[in-house]
Amino acid sequence: MSITGILSYPFVIRAVTVGVLVSLCGALLGVNLVLKKLSMLGDGLSHVSFGAAAIGLALGVAPLKISIPIVIIAAFLLVALQNSGKLSGDAATAVISSSALAIGLIVASLTTGMNTDINNFMFGSILAVTKGDVVICAIVSIAVIVLYFVFYHKIFACAFDEQYAFSSGVNVKFYNCLTAVLTAVVVVVGMRIMGALLISSIITFPAISAMRICKKYRTTVILSCIVGVATFLLGLCVSFFLDVPSSASIVVINLFVFVIFSVIKKLKTV
């Protein structure tokens, strides 16, 4: 089947729209998360999102309606724990993410069971993307992009040197919370396609790939966005032609790009 033939399916158009928007937002936020050594935040929040979605399905509530507020609360909690110094960022993420995933699995087992909806949230499925998901994703993505560029300089300052940003009068805690909240909503809306287990890859991979060959923050962000969108589209095509899961294809393509960029960096230093 040709690319034109694939795009004739409405569910593919919905998946491409959501995927491109989520990939773009994930790549934007990923650079800051990697620089701040919070790359596992997306993974932790994705597990929380799965737990919330499982509870929503059990209660007969639209998963996104319950997932977004719960994941935002979890994002605030993770930032608060990290700032308090009582738990390191990695430890706090591990505790909250594993607990949420376990709760979600127990709720699913006791109510709906491991049905198709639960599997879609865990592993992702382009068939599960609805028109409502597209609308929500578009609204969230526009908000993320606008907020990112409105606060670009302050987010940049917080990412590179929190002490300097604080001494310059920047409210570091606020911008850390803002980054965490934006990451939370991107994780929730992207979970339909990538699944809870793989959604963090579209946040982390484009950023670390771009960092292999870029030295300036702005060029790193731009390349990260290009890589994020390109790998999503290429992974989607591969999944159709090879009849393999789209989420797994996207991650493998991202891994391939990371290896290529690493080789390029190595050749530059020789």
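What counts and how
- Residues numbered from 1 in each chain as written.
- Predicted model: local features only at pLDDT ≥ 70, side-chain atom pairs only at ≥ 80, totals over all residues.
- Heavy atoms only, no water.
- Helix = DSSP H or I, 4+ residues; strand = E, 2+ residues; numbered from the N terminus.
- Buried < 20%, exposed > 50% of the residue type's maximum accessible area, 1.4 Å probe, protein only.
- Contact = heavy atoms within 4.5 Å.
- Areas by Shrake-Rupley, 256 points an atom, 1.4 Å probe, with all protein chains shown as cover.
- Core = buried A, V, L, I, M, F, W, Y, C linked by side-chain atoms within 4.5 Å.
- Phe/Tyr/Trp six-rings, centres within 6.5 Å; stacked < 30°, edge-to-face > 60°.
- Expected span 1.5 Å × (residues − 1).
- Bend = angle between axes of the 7 residues up to and from the residue.
- Axes fitted to C-alpha atoms, helices over the stretch in contact; angles between N-to-C directions.
- Parallel < 35°, antiparallel > 145°, perpendicular 65-115°, else oblique.
- Left-handed = near helix turned anticlockwise from the far one by under 90°.
- Disulfide = S-S within 2.5 Å.
- Nonpolar A, V, L, I, M, F, W, Y, C, P; charged D, E, K, R; others polar.

Please clarify how the overall build of the protein should be interpreted in this entry.
Regarding its fold elements, the protein presents 13 helices and zero strands. Sequence-ordered secondary structure for the protein, helices as α and strands as β, is α-α-α-α-α-α-α-α-α-α-α-α-α. Across the 270 residues that make up the protein, the buried fraction comes to 51%. Counting only contacts in the protein whose residues sit at least 6 apart along the sequence, the fraction spanning at least 24 positions is 76%. Of the roughly 12600 Å² that the protein leaves accessible, carbon and sulfur atoms contribute 72%.

Help me understand the nonpolar core in this model?
The tendency in soluble globular proteins is for nonpolar side chains to be buried side by side. Within the largest apolar cluster, 63 residues are counted, with the highest numbers of intra-cluster contacts made by Val-22, Leu-45 and Val-144. Look past the residues within four positions of Val-22 in its chain and what remains in contact with it is Cys-137, Ser-141, Val-186, Val-189, Gly-190, Ile-199 and Ile-202. Residues Ala-210, Val-227, Ile-253 and Val-257 belong to the second largest nonpolar core, which totals seven residues.

Whenever I open this one, the packing of aromatic side chains confuses me. Can you help?
Describing an aromatic ring pair means giving the distance of the ring centres and the angle of the ring planes. In total, this model carries seven aromatic pairs according to the counting rule given. Both rings, one in Phe-174 and one in Tyr-175, keep their centres 4.9 Å apart while their planes meet at 80°; by these two values the pair is edge-to-face. A relative accessible area of 6% places Tyr-175 in the buried class. Ring centres of Phe-205 and Phe-258 lie 6.4 Å apart, and the angle between their planes is 65°; this geometry places the pair in the edge-to-face category. Here Phe-205 is found in helix H11 (residues 201-213), whereas its partner Phe-258 is found in helix H13 (residues 246-269), with 53 residues between them in sequence. The buried category is assigned to Phe-205, whose relative accessible area is 17%.

Honestly, the environment of Val-170 in this entry has me stumped. Any pointers?
Counting through the fold element by element, Val-170 comes out in the loop between helix H9 (162-167) and helix H10 (172-194). The spatial distance from the C-alpha of Val-170 to the C-alpha of Ala-157 is 8.4 Å, given a sequence separation of 13 residues.

Please clarify how H10 should be interpreted in this entry.
For an α-helix, the turn length of 3.6 residues means that residues three or four places apart are oriented alike. Given a rise of 1.5 Å per residue, 23 residues ought to cover 33 Å, and the 31 Å separating the end C-alpha atoms of H10 matches this to within 8%. By the largest-angle criterion, Val-188 marks the main kink of H10, which is about 30°. Just beyond H10, the residue with positive phi is Gly-195, at close to 85°.

Explanation requested: the packing of helix H2 (residues 10-35) against helix H7 (residues 131-150) in the structure shown.
The relative placement of two packed helices is expressed as an angle between their axes plus a distance between the axes. Taken N-terminus to C-terminus, the directions of H2 and H7 make an angle of 25°; their axes are 9 Å apart at the nearest point. By the angle between their axes, H2 is roughly parallel relative to H7. Remark: the crossing between H2 and H7 carries left-handed chirality. Contacts between H2 and H7 involve Arg-14, Thr-17, Val-18, Leu-21, Val-22, Leu-24, Cys-25, Leu-28, Leu-29 and Asn-32 on the former and, on the latter, Lys-131, Asp-133, Val-134, Cys-137, Ala-138, Ser-141, Val-144, Ile-145, Tyr-148 and Phe-149.

I keep staring at the state of the cysteines and nothing clicks. Help me out?
When the sulfur atoms of two cysteines share a covalent bond, that bond is a disulfide. What the rule picks out here adds up to zero disulfides. The closest cysteine sulfur to the non-disulfide-bonded Cys-225 is located on Cys-25, 8.6 Å from its own sulfur.

Even after reading the chapter, I still don't get the side chain of Thr-204, so can you show me in this structure?
Checked against the element boundaries, Thr-204 lands in helix H11. Taking the relative accessible area as the measure of exposure, Thr-204 reaches 18% and is therefore buried. For Thr-204, the contacting residues outside a window of four places in its chain are Val-34 and Ser-39.

How should the packing of H2 against H10 be read in this particular structure?
Taken N-terminus to C-terminus, the directions of H2 and H10 make an angle of 150°; their axes are 9 Å apart at the nearest point. In this view, H2 runs roughly antiparallel relative to H10, as classed from their interaxial angle. Classified by chirality, the crossing of H10 by H2 is left-handed. On the side of H2, the interface is formed by Ala-15, Val-18, Gly-19, Val-22, Cys-25, Gly-26, Leu-29 and Leu-33, while H10 contributes Thr-179, Leu-182, Thr-183, Val-186, Val-189, Gly-190 and Ile-193. Considering only residue class, the contact of H2 with H10 consists of 10 nonpolar, five polar and no charged.

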